Number of protein chains: 2
Amino acid sequence: MIEYAKQALKGDQRAGARLIRLLEEQNPEGTKGLEYLFPHSGKAAVIGITGPPGAGKSTIIEKLITEYRQKKLKVGVIAVDPSSPNSGGAILGDRLRMRNHADDPGVFIRSIATRGYQGGLSRAVFGTMIVLDAMGYDPIIIETVGIGQDEVEIDQIAHTTAVISIPGMGDHIQAMKAGILEIGDIFVMNKSDHPNADMAMNHLNTMLQSKNIPEDEWKPLLIQTVGKENKGITELIRGFDSHREHLMNNHRFDEISTRRSLYFFKRLITDHVTEKTLQFILTNPKYITLTDSLKQFKTDPFSAAKKMTENLKYSLKS
Amino acid sequence: MIEYAKQALKGDQRAGARLIRLLEEQNPEGTKGLEYLFPHSGKAAVIGITGPPGAGKSTIIEKLITEYRQKKLKVGVIAVDPSSPNSGGAILGDRLRMRNHADDPGVFIRSIATRGYQGGLSRAVFGTMIVLDAMGYDPIIIETVGIGQDEVEIDQIAHTTAVISIPGMGDHIQAMKAGILEIGDIFVMNKSDHPNADMAMNHLNTMLQSKNIPEDEWKPLLIQTVGKENKGITELIRGFDSHREHLMNNHRFDEISTRRSLYFFKRLITDHVTEKTLQFILTNPKYITLTDSLKQFKTDPFSAAKKMTENLKYSLKS
């Protein structure tokens, strides 16, 4: 609703939260509100924080919030929360811990459960980002578990991506070789008071050194933290700031915002057209035999999908 | 390639593996091979095993394989492996442990990394299932981390879904209320030699009891295991068998196979049409202004996606 959008712009958290809910429910009023807010967005730095369960992401975010608040910055947090049954331990508890800031209008925490979205997760995450951005929350921290099956790919969304790791995750480090080096702008070794921390740091450092980075590009930072003791948080924020500065100096900041916008646009298009296309195909008289054969387990889905899409033509209603 | 498909049907593991690779690469020869194999599939029981990292899924699967082999059954395992950087600890190690069976032609283990698939994961998983099924592997065990962001939804695919849990996961149990009760046919409390095991069992039991299950429907089983000590594995297999029998008696077994086939068909259609639709839309002269405005961050993606899809019309090339 435009009314909610207007109130949100004035800083009304509750109106913002209501607007976000309308968006999640795919209520057309939500889209209208978003249209209204969109021109006011695009200013916030989006910081992605990703890492395996148990790495201490939520504790670090908690400390980041506190320090950003001391600097009088308004902080938004979007926690993409694998709230499914099988998510494992700490998540609900972590969420609660962040509630410390529940009464502070300078902090807007939104936990988005992944379960049940089935393709609509992007809508919820992006909608929330625009609302928070327009409301003046900056930075906006987005937390994902990032196990590689994420519907929302953090490196496509964030200006700055921080990868949290902890000592003793040998396999994790191994796996890092596979791709994490590509997405991290900042690597955080949390729980760096752990006996194996030095070894883990050396490993990570060696890997980062082995990357061939052109002179004018960003060199990933490696930062040690002990989240629970608030150690390294100031350095981490300094890291975020200097990466933002780097993006600004290279005219990359707005470029990333636009890329994100296009990324979500593509996701939204997919959501829109999938059902429509399926309906067209599955009810098309030409395909009745093929559909039946598929339903009777006589035709394999690969061939059926190929046959049914290769002659598909698009046009626009005039 | 048909040749690979023919050899796979004769039991040649290597030919099967090659065919699977062709499918993953979206090589049209792979689809041909699959078409050839499809009529031979549909017999295997597909068992989904899901649970959080650290619950002991891989150890249990390892023991299941051993016991199924003693019964002279051919076992297929598809491990959907969150091989991304951020996957956390044990996964690579677990995979290796299963390699014990690498030289046994009665065991076909395929680990499918989720990273980099971006929508093509379904293709790989389903293709592999058909190949293994046609080759006579039965049961086919599919392992997922299942944190709710899975691209492949285990309860849409498996005949029988087992949810592995361990004592001391208070939040996990809490989260279970949210939806896991719906998808589990069998609940496994692993590490049941743990001091808190009885309490955890009671919790789970109470929740299961509170479910209102009609007389003729399956009542979820609750089974205790200690994977490392091979305890409860026989009971678990008995559970799988009795659930399969239940499905057979109620003519549900083939129904589920067909549902799975349709599920993957829809996924494949989505893969096919998304790019096609985007290309049509983004190059359509009518939308040049809108596309530019989107690229310049002037129009919000929600409105753009809506406008661009609401007039979309489908037809078939004659």
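Fair warning: this is a prediction, and the values are worked out from it, not measured in the lab. Counting restarts for each chain: residues are numbered from 1 in the order of the written sequence. Each chain gets a letter, beginning with A, and each ligand a number, beginning with 1, in the order they are written. Reporting of local features is limited, given that this is a predicted model, to residues whose pLDDT is at least 70; pairs of side-chain atoms are given and counted only at 80 or more, and all residues count toward the totals for whole chains, interfaces and linings.

*Asks:* Account for the overall build of chain A, with residues named and values stated.
*Replies:* Secondary structure assignment for chain A yields 14 helices and eight strands. Exposure classification rests on a simple neighbour count of other C-beta atoms within 10 Å of a residue's own: a residue reaching 20 or more is buried, one at 12 or fewer is exposed, and one in between is partly exposed. C-beta atoms are placed from the backbone. Counting over 318 residues, chain A shows a buried share of 48%. Contact between two residues is assigned whenever their backbone-derived C-beta positions fall within 7 Å. Relative to all contacts within chain A whose residues are 6 or more apart in sequence, the contacts with residues 24 or more apart total 73%. Per the convention used, a helix needs a DSSP run of H or I reaching at least four residues, while a strand needs a run of E reaching at least two, with both numbered from the N terminus.

*Asks:* I'd like to hear about unusual backbone geometry, residue by residue, with values.
*Replies:* Here the bond from Asp 138 of chain A into Pro 139 of chain A is cis, since omega is 10°, no more than 30 degrees from zero. Mapped onto the secondary structure, Pro 139 of chain A falls in the loop between helix 6 (121-134) and strand 4 (140-144). Located in the positive-phi region is Lys 72 of chain B, a residue other than glycine, with phi close to 65°. In this fold, Lys 72 of chain B is placed in the loop between helix 4 (57-70) and strand 2 (75-81).

*Asks:* If you had to explain the packing of helix 2 (residues 13-24) of chain A against helix 3 (residues 28-37) of chain A to someone new, which residues and values would you point to?
*Replies:* Residues and elements named next belong to chain A. Throughout, an axis means a line fitted to C-alpha atoms (over the contacting stretch in the case of helices), and angles, computed between N-to-C directions, take values from 0 to 180 degrees. Contact pair helix 2 / helix 3: the axes reach a minimum separation of 7 Å and the direction vectors enclose 125°. In this view, helix 2 runs oblique relative to helix 3, as classed from their interaxial angle. Both helix 2 and helix 3 take part in a crossing whose hand is left-handed. Along the contact surface, helix 2 presents Leu 19, Leu 22 and Leu 23, while helix 3 presents Glu 29, Gly 30, Gly 33 and Leu 34. Note on terminology: angles under 35 degrees are roughly parallel, angles over 145 are roughly antiparallel, angles of 65 to 115 are roughly perpendicular, and the others are oblique. Crossing chirality is assigned from the near helix's rotation relative to the far helix, an anticlockwise turn below a right angle marking it left-handed and a clockwise turn marking it right-handed.

*Asks:* I'd love a proper account of the packing of helix 1 (residues 2-9) of chain B against helix 2 (residues 13-24) of chain B, names of residues and values included.
*Replies:* Residue and element names in this part refer to chain B. Look at helix 1 against helix 2: their axes get within 7 Å of each other, and the N-to-C directions meet at 140°. With respect to helix 2, the axis of helix 1 lies oblique. Judged by the sense of rotation from one axis to the other, the crossing of helix 1 with helix 2 is left-handed. In this structure, helix 1 contributes Tyr 4, Ala 5, Gln 7 and Ala 8 to the contact, and helix 2 contributes Ala 15, Gly 16, Arg 18 and Leu 19.

*Asks:* So what's going on with helix 1 of chain B? Which residues, and what values?
*Replies:* Residue and element names in this part refer to chain B. Taken together, the buried positions of helix 1 are Tyr 4, Ala 5 and Ala 8. With its buried residues spanning 100° around the axis, helix 1 presents them on a single face. Positive backbone phi, approximately 105°, marks Gly 11, located one or two places after helix 1. Note: the arc covers the axis-to-C-beta directions of the helix.

*Asks:* So what's going on with the pairing of strand 6 (residues 186-189) of chain B? Residues and values would help.
*Replies:* Residues and elements named next belong to chain B. On strand 6, burial covers both faces: Ile 186 and Val 188 on one face and Phe 187 and Met 189 on the other are all buried. Pairs of strands are assigned from DSSP output, requiring at least two bridges between the strands. Judged from the four bridges that link them, strand 5 (residues 160-165) and strand 6 form a sheet pairing that is parallel. Residue pairing in the sheet places Ala 162 in a bridge with Ile 186 of strand 6. Pairing analysis gives four bridges linking strand 6 to strand 7 (residues 221-224), with the strands arranged parallel. Bridging from a neighbouring strand, Phe 187 pairs with Leu 222 of strand 7.

*Asks:* Run through the domain arrangement of chain A, naming residues and quoting values.
*Replies:* Each assigned domain of chain A is listed here: domain 1 (1-40), domain 2 (42-266) and domain 3 (284-318). Residue ranges labeled as domains rest on an automatic or database domain assignment. Summarising the inter-unit geometry, the C-alpha centres of domain 1 of chain A and domain 3 of chain A are found 40 Å apart.

*Asks:* A description of the confidence of the model for chain A should follow, citing residues and the corresponding values.
*Replies:* All names here are of chain A. Confidence per residue, as judged by the predictor, is encoded in pLDDT with a range of 0 to 100. Looking at chain A as a whole, the pLDDT averages 82, with 83% of positions reaching at least 70. This model gives residues 147-151 a pLDDT under 50, and the stretch forms 23 contacts once residues within four places in sequence are excluded. Scored as a complex, the prediction yields pTM 0.70 and ipTM 0.72.

*Asks:* Report on the pairing of strand 1 (residues 46-50) of chain A, specifying residues and quantitative values.
*Replies:* Residues and elements named next belong to chain A. The buried count for strand 1 comes to five of five residues, which makes it a mostly enclosed element. Where strand 1 meets strand 4, five bridges bridge the pair, whose relative direction is parallel. Its bridge partner lying in strand 4, Thr 50 is registered against Thr 144.

*Asks:* Before we move on, could you go through the environment of Lys 306 of chain A and cite the residues and values that matter?
*Replies:* All names here are of chain A. In this fold, Lys 306 is placed in helix 14 (residues 301-310). A tally of 16 C-beta atoms within 10 Å means that Lys 306 is categorised as partly exposed. Taking C-alpha positions, Lys 306 is 39 Å from Ile 49, a pair spaced 257 residues apart along the chain.

*Asks:* Mind laying out the environment of Ile 65 of chain A, listing which residues take part and the relevant values?
*Replies:* Structurally, Ile 65 of chain A can be placed in helix 4 (residues 57-70). Residues Ile 65 of chain A and Ile 141 of chain A, 76 residues apart in the sequence, show an inter-C-alpha distance of 9.3 Å.

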